[in-house]
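Structural characterization, general
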Amino acid sequence: MSHWSDTLPVPSGQRRDQVPRDHSIYPQLLEITLHLRQAMREHFVQLTSRQGLSLEERKHTQAIREKEALLSCLIRRMINLLQSKAASDLELQVPLPSEDSRGDVRYGERAQLSGQPDPVPQLSDCEAAFVSRDLSNRGIDISVFYQSSFQDYNAYQKDKYHKDKNTLGFINLGTSENKLCMDLMTERLQERDMNCIEDALLQYPDWRGQLFLREEVARFLTYYCRAPTQLDPENVVVLNGCCSVFSALAMVLCDPGEAFLVPAPFYSGFAFSSRLYAKVELIPVYLESEVTVTNTQPFQLTVDKLEEALLEARFEGKKVRGLVLINPQNPVGDIYSPDSLMKYLEFAKRYNLHVIIDEIYMLSVFDESIIFHSVLSMKSLPDRNRTHVIWGTSKDFGISGFRFGALYTHNKEVVSAVSAFGYLHSISGIVQHKLCQLLQNTEWIDKVYLPTNCYRLREAHKYITAKLKALEIPFHNSSSGLYVWINLKKYLDPCTFEEERLLYCRFLDNKLLLSRGKAYMCKEPGWFCLIFADELPRLKLAMCRFCDVLQEQKEALIVKQLEDAMRE
């Protein structure tokens, strides 16, 4: 009986009997994989090269291309692994992407030497990672994850709209930033008390955050969260952003492969943050938009839904370590009542779960008739040692570029473990000083900033919702946050996540960046998040582009319906 490796091809120019029996098979597997890649490309080129296709055929072609991209990624990952094994055995040189004189990235000499045009398009950064000989497998995963998560945001950063310098650039209504009070914040940050250069601020800080800032954060949260007693600065940890805090919590509360429950739809940045370092899974607790007997409000979170998701995860062998809540909710904008919060906390205690509560929008409630209740305002917590609160200035104060996030927890072990991340994720001393000065001036915050910010948020919300009503676009009405959760299902035919993605791409083609429901783990296709906290002229231009895309989509749907009718 022959050895199974006898069926494999041998390297070019070498007879089978010249291959040592103990020789590694990696070079041979690599050669097979390279041939497979070339054959796959030729096949997909034939499938997608037809001209004059109908709308339905174009969609089918797009689906084929997506399958091609997926297969290409898998094969490139195989190639990367095989290269690392083969190189040490045969020093095998595999054609890698090379740059021609125009800077285009194309595959190596094989196609060029044959005299045939290279049918392969320019590699994206995401694709290029799969043929890297420098990255580890973990590095490849991170690179691909980063590119897939931020490709469109990076395109926006390179081509931002500017009213004078770049009127055709991207307008971003997909990233939750508050741009309504830049004038107030710029003026405040230029005042004399902000400008301080001391020796201590130029040296390494306390990794937990400078004591003066932690003391001010504790005072600030005591006041604005209406805490029943003064909060302890020893329970505060300061890092460079709330996602850094969340990532650190995921690291210290979970082992790789363990999980948190998160009501969905939820902020997409958490998925990236939990996976980058900690490799923690976020299990969605799906919320429905339809009102039913048991679902008395759209996107209503109940303890029954939490228990169902938890028990299902446990049945699948997953270890759930905690519950993540965002209050006010992102992207829906709902605010949890004290009674609801208590029920969720009691559920968590019953199942020995940690609770991470992100309150980053707590001062962005623009309806004066609604009061936000922080979990820190509760006189007693069901399990205060497992309750951890996150807050930052990015949303409420519109200074996301400061990169500030704070953790408040009564658990000293968690404080100690999260503090270690300050070694990598601390904030500069100069910024910590400015933040301290900003937070301690409650008179300016209460009399100038918050009233103006709430008024401008309310007016921007009125404008955007009036436009949506005129377009007869349903939306989830809320009174907090910087966004509106809108329903564009009527522009999808069929109503699938693939059609949602195509509509999202239409917005991109018109230089408008939105966030689609799939990114928020929404159960239902067709939902989009639209940020309204922007200056009115830019917001108006964005809505013009928005309307243009929907008109194009409506016309395309009419054409499709006519084509379908003609086929029948």
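Before reading on, note that the structure itself is shown above.
To start, this report covers the structure provided alongside it. For clarity, every value in this text was computed on a predicted model and none was experimentally measured. (Residues numbered from 1 in each chain as written. Predicted model: local features only at pLDDT ≥ 70, side-chain atom pairs only at ≥ 80, totals over all residues. Heavy atoms only, no water.)

1. Considerations on the side chain of Ser400
Here Ser400 shows up in the loop between β9 (387-392) and β10 (405-409). Accessibility expressed as a relative area gives 17% for Ser400, which makes it buried. Other than its neighbours up to four places away in sequence, Ser400 contacts Glu177 and Ser394. (Helix = DSSP H or I, 4+ residues; strand = E, 2+ residues; numbered from the N terminus. Buried < 20%, exposed > 50% of the residue type's maximum accessible area, 1.4 Å probe, protein only. Contact = heavy atoms within 4.5 Å.)

2. With respect to helix α14 (residues 429-440)
Helix length check: α14, at twelve residues, gives a terminal C-alpha distance of 17 Å against a target of 16 Å (1.5 Å per residue), a fit within 8%. Of all twelve residues in α14, ten are buried; the element is thus mostly enclosed. What α14 keeps buried is the set Gly429, Val431, Gln432, His433, Lys434, Leu435, Cys436, Gln437, Leu438 and Leu439. Tucked into the core, α14 has its buried residues touching α6 (182-189), α7 (211-224), β9 and α15 (442-470). (Expected span 1.5 Å × (residues − 1).)

3. A word on the pattern of salt bridges
Across all of its chains, the model carries 30 salt bridges by this definition. One salt bridge connects Arg538 with Glu535, and the closest N-O pair in it is separated by 3.8 Å. Judged by relative accessible area, Arg538 falls into the buried class, the value being 19%. In this structure Glu535 comes out as partly exposed when scored by relative accessible area, which is 37%. What emerges from the salt-bridge pattern is a single network uniting Asp206, Arg208, Arg214 and Glu234. (Salt bridge = Lys/Arg side-chain N within 4 Å of Asp/Glu carboxyl O.)

4. Structural notes on the sheet that holds β9
Strand order in the open sheet formed by seven strands is β4-β10-β9-β8-β7-β5-β6, and the pairing between neighbours is mixed. Of all the strands in the sheet, just β4 (236-239) and β6 (281-286) have a single pairing partner and so form its edges. With direction set aside, neighbouring strand axes in the sheet form an average angle of 25°. In the sheet, strand β7 (residues 320-326) pairs with strand β8 (residues 354-358) via five bridges, with the strands oriented parallel. Of the residues in β8, the one forming a bridge with Ile326 is Asp358. (Pairing = 2+ DSSP bridges. Axes fitted to C-alpha atoms, helices over the stretch in contact; angles between N-to-C directions.)

5. Examining the environment of Tyr423
In this structure, Tyr423 sits in helix α13 (residues 422-425). Spatially, the C-alpha atoms of Tyr423 and Tyr204 are 9.3 Å apart, while their sequence positions differ by 219 residues.

6. What to know about the sheet that holds strand β14 (residues 515-516)
Read from one edge of the open sheet, four strands run β11-β12-β15-β14, paired in antiparallel fashion. The open sheet terminates on both sides in strands that have one partner only, identified here as β11 (475-476) and β14. Judged from the two bridges that link them, β14 and strand β15 (residues 527-531) form a sheet pairing that is antiparallel. Looking across to β15, one finds that Ser515 is bridged to Cys529.

7. Thoughts on the packing of aromatic side chains
Evaluated as defined, the whole model comprises 27 aromatic pairs. Where Tyr267 meets Phe270, the ring centres are 5.3 Å apart and the plane angle is 75°; that geometry is what we call edge-to-face. Joined through ring pairs, the aromatic side chains of Phe220, Tyr223, Tyr224, Trp391, Phe397, Phe404, Trp444 and Tyr449 make up one cluster. Over the face of the ring belonging to Phe497 we find Lys518, whose NZ or CZ atom lies 4.5 Å from the ring centre. (Phe/Tyr/Trp six-rings, centres within 6.5 Å; stacked < 30°, edge-to-face > 60°. Lys NZ or Arg CZ within 6 Å of the ring centre and 35° of its normal.)

8. Here we look at unusual backbone geometry
Across the chain, the bulk of peptide bonds are trans and the bulk of non-glycine residues have phi less than zero. Of note, the amide linkage connecting Asn327 to Pro328 takes the cis form, showing an omega dihedral of -5°. Note on placement: Pro328 falls in the loop between β7 and α11 (338-350). For the bond running from Asp493 to Pro494, omega is 0°, close enough to zero to count as cis. As for its position among the elements, Pro494 is in the loop between β12 (483-487) and α16 (497-509). Unlike most non-glycine residues, Arg226 shows phi in positive territory, near 55°. With respect to the element layout, Arg226 can be found in the loop between α7 and β4. Arg226 gets classed as exposed once you look at its relative accessible area, which sits at 55%. The phi dihedral of Lys279 is positive, around 55°, even though this residue is not glycine. In this structure, Lys279 sits in the loop between α9 (269-276) and β6. Taking relative accessible area as the criterion, Lys279 reaches 34% and is therefore assigned partly exposed.

9. Some words on the pairing of β4
Across the two faces of β4 the burial is the same, with Val236 and Val238 and Val237 and Leu239 all buried. Judged from the four bridges that link them, β4 and β10 form a sheet pairing that is antiparallel. Considered in β10, the bridge of Val238 is made with Ala406.

10. Let's talk about the nonpolar core
Of all hydrophobic cores here, the largest spans 140 residues; its most connected members are Phe220, Phe260, Phe397, Ile486, Leu488, Phe507 and Phe546. Among the elements that line this core, the one with the most residues is α15, at nine residues. Summarising the domain contributions, this core has at least three residues from each of domain 1 (139-177 + 482-567) and domain 2 (196-446). Setting aside anything within four residues of it in sequence, one finds Phe260 in contact with Phe246, Ala250, Leu253, Cys254, Val280, Glu281, Leu282, Ile283, Arg321, Gly322, Val324 and Ile356. (Core = buried A, V, L, I, M, F, W, Y, C linked by side-chain atoms within 4.5 Å. Domains from an automatic or database assignment.)

11. Considering the pairing of β10
In terms of burial, β10 is a largely internal element, five of the five residues being buried. As judged from the five bridges shared by β9 and β10, these two strands associate in the antiparallel manner. Note that in β10 the partner of His388 across the bridge is Thr409.

12. A few points about the packing of α16 against helix α17 (residues 536-567)
When two helices pack together, their arrangement is given by the angle between the helix axes and by the axis-to-axis distance. Closest axis-to-axis distance for the α16/α17 pair is 9 Å, and the angle between their directions is 135°. In terms of orientation, α16 lies oblique with respect to α17. You can see that α16 and α17 cross each other, and the crossing is right-handed. Here Leu503, Arg506 and Phe507 of α16 come into contact with α17, specifically with Phe546, Val549, Leu550, Glu552, Gln553 and Ala556. (Parallel < 35°, antiparallel > 145°, perpendicular 65-115°, else oblique. Left-handed = near helix turned anticlockwise from the far one by under 90°.)

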